[in-house]
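Residue-level listing of the chains:
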Amino acid sequence: MISLQIISCILILSVFSEFSKADDTCLGEQRFTSFTKIGNNYYYIDRTNVVNWYKAVDTCRRMGANLATIKYDDQMTALSNYLLSRGYDDRFWVAGNDLAENGNFYWNSNGRKMTYAKWSPGEPNNFGGNEHCIHLQIRNGEYSMNDFGCTYKYAYFICQAPEPILKLKMISLQITLCILLLSAFSGLSKADDTCLGEQRFESFTKIGNNYYYIEQTNVVNWHKAVDTCRRMGADLATIRYNDQIISLSNYLLSKGYRNFYWIAGNDLAEQGNFYWISNGRRMTYAKWTPGEPNNFGGNEHCVHLQEPTGGYTMNDNDCSRLLYFICQAPEP
């Protein structure tokens, strides 16, 4: 049996070795047929409709991608040169924003602080006190960054595909695959899946069929909650079924928790039409508190859980309110 396990591991390593030698353009085309390789990354450049920043976020997420995250000067130069070579003289939303903390810019794609930026001269200036999302524009013959109002249908957008998993050459990944294979042969695959969840997200708790991180220490605005979950490799909770909200509600009540918790729902892209920022898809299920959503004051666009009548239900609220939040780990 051991020899079979070793042979299997060798075969897996061989497969990964061959894939790592393959043309990565092919790998990109297999996964994102509408994306173009520019420099070392794959992008989808939308020049069909100008949209607001939130709509751009949702559209990229539905494609399994994110708004472009520009981390290096070489990446910015390659993208700028490509756009100019195509004769484009447009504005394009990218993932940067300071919605969570005014003046501190983060990437919506991964929740991390922007350590690189190529600003247009005089930018960012937060003109009018309402410029919190970043787009690319041409200044001095090249593309650079500018802050602008997130809700304006002002720009096209650029999505960036995640790096193809088959392109990874890390030995640790190969070893992990071998360990998993050995586990399967030795019967360890029968172990409690709670253990597997804890290995991946140690601070997450299995509730029903999903893993959640329930923040009970710090209250933050909705945008900060989004960034925090993304940094953990997760997203704000996406509640798609009645059984899911019942399981979550019962758990929170069993712990004596009776707080407000941000989740992923919002209608920032389209007033009155709620989407999940986690995947960019329309909310087809919601368990609203009676009388909600009511967009009280005309400024309630983000969804949280509350417990007004013995069970948690959903309410729309001002995205700038400071609440606790719940992150949800991706499905294994």
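Higher on the page you've got the structure.
Here is a short report on the structure shown in this document.

## Some thoughts on the pairing of strand β15 (residues 313–317)
In terms of burial, β15 is largely enclosed, as 5 of its 5 residues are buried. Burial of the side chains of β15 extends over both faces: T313, N315 and N317 are buried on one face and M314 and D316 on the other.

## A look at helix α8 (residues 242–254)
Given a rise of 1.5 Å per residue, 13 residues ought to cover 18 Å, and the 18 Å separating the end C-alpha atoms of α8 matches this to within 8%. Within α8, the full set of buried residues consists of Q244, I245, L248, S249 and L252. Projection of α8 onto a plane perpendicular to its axis shows the buried side chains occupying an angular sector of 125 degrees, all on one side. Exposed and facing more than 90 degrees away from the buried side of α8 are D243 and S254. Elements in contact with the buried residues of α8: β9 (205–207), β10 (210–220), β12 (261–270), β14 (302–306), β15 and β16 (323–328). Backbone geometry just downstream of α8 places G256 in the positive-phi region, at approximately 80 degrees.

## So, the packing of aromatic side chains
On inspection of all chains with the given rule, the structure shows 12 aromatic pairs. An angle of 55 degrees between the planes, with centres 6.1 Å apart, marks the rings of F92 and Y143 as tilted. With F92 in strand β4 (residues 92–101) and Y143 in strand β7 (residues 142–148), the pair connects residues that are 51 residues apart, well separated along the chain. Seen in terms of ring centroids, F148 and Y152 are 5.7 Å apart; in terms of plane orientation they differ by 65 degrees. Their pairing is edge-to-face. Ring pairing ties together the aromatic residues Y88, F92, Y143 and Y156, which thus form one cluster. The ring of Y156 carries R47 above its face, with NZ or CZ at 6.0 Å from the centroid.

## Observations concerning the side chain of T313
Of note, T313 is situated in strand β15. In terms of polar contacts, T313 uses its side chain to reach the side chain of T289, at 2.5 Å.

## Quick word on the layout of surface pockets
Volume-wise, the second largest pocket comes out at about 810 Å³. Taken together, 29 residues form the lining of the second largest pocket, with N66, Q160, A161, P162 and E163 sitting closest to its centre. Of all the secondary-structure elements, those providing two or more residues to the lining of the second largest pocket are β2 (41–51), α3 (53–62), β3 (66–67) and α4 (73–85). If you tally residues by element for the lining of the second largest pocket, the top one is α4, at 3 residues. A class-by-class count of the residues in the lining of the second largest pocket yields 10 nonpolar, 12 polar and 7 charged.

## Quick notes on the pattern of salt bridges
Counted by the stated rule, this structure contains 7 salt bridges. The partner of K55 in a salt bridge is E270, and the shortest N-O contact between them spans 2.3 Å. Here K55, found in helix α3, pairs with E270, found in strand β12; they are 215 residues apart in sequence, far enough to count as distant. In this structure, the salt-bridge partner of K118 is E142, at a minimum N-O distance of 3.1 Å. Placement of K118 in the loop between β5 (104–107) and β6 (133–139) and of E142 in strand β7 is noted, with a sequence separation of 24 residues between them. Judged by its relative accessible area of 33%, E142 is partly exposed. Connected through shared salt-bridge partners, R61, R230 and D235 make up one network.

Parameters and conventions
- By convention here, each chain's residues receive numbers from 1 onward along its written sequence.
- With pLDDT at 70 or above as the cut-off, local features in this predicted model cover only qualifying residues; side-chain atom pairs require 80 or more to be listed or tallied, and sums for whole chains, interfaces and linings still use all residues.
- Side-chain metrics in this entry use all non-hydrogen atoms of the structure; hydrogen atoms and water are not considered.
- Each residue gets one of three labels from its accessible area relative to the maximum for its type: buried under 20%, exposed over 50%, partly exposed in between, using a 1.4 Å probe on protein chains only.
- In this description a helix means any DSSP run of H or I spanning at least four residues, a strand means any run of E spanning at least two, and both kinds are numbered starting from the N terminus.
- For a helix, the expected span equals 1.5 Å multiplied by the number of residues minus one.
- Picture the helix axis, draw a direction to every C-beta atom, and the arc is the one those directions span.
- Note on definitions: a residue-residue contact is assigned when non-hydrogen atoms from the two residues lie within 4.5 Å.
- Centres within 6.5 Å make a pair out of two Phe, Tyr or Trp rings, where for Trp the six-membered ring is used; the pair is then stacked when the planes are under 30 degrees apart, edge-to-face when over 60, and tilted otherwise.
- For a lysine, the NZ atom is tested; for an arginine, the CZ atom; a charge sits over a ring if that atom is within 6 Å of the ring centre and within 35 degrees of the ring normal.
- As used in this structure description, the phrase polar contact means that two N or O atoms lie within 3.5 Å; if the pair is within protein, one of them must be able to donate a hydrogen and the other to accept it, and residues adjacent in sequence are counted only when both atoms belong to side chains.
- The rule is simple: put a 1 Å grid over the protein atoms alone, call a set of points where a 1.4 Å probe fits but cannot get out a cavity, call an open set with protein on both sides within 12 Å along at least five of seven lines a pocket, and count a residue as lining if it has an atom within 4 Å of a point.
- Grid points are joined across faces, edges and corners, and a volume is the space filled by probe spheres set on the points.
- Under the scheme applied here, ten amino acids are nonpolar (Ala, Val, Leu, Ile, Met, Phe, Trp, Tyr, Cys and Pro), four are charged (Asp, Glu, Lys and Arg), and all others, including Gly, are polar.
- We define a salt bridge as a side-chain nitrogen of Lys or Arg found within 4 Å of a carboxyl oxygen belonging to Asp or Glu.

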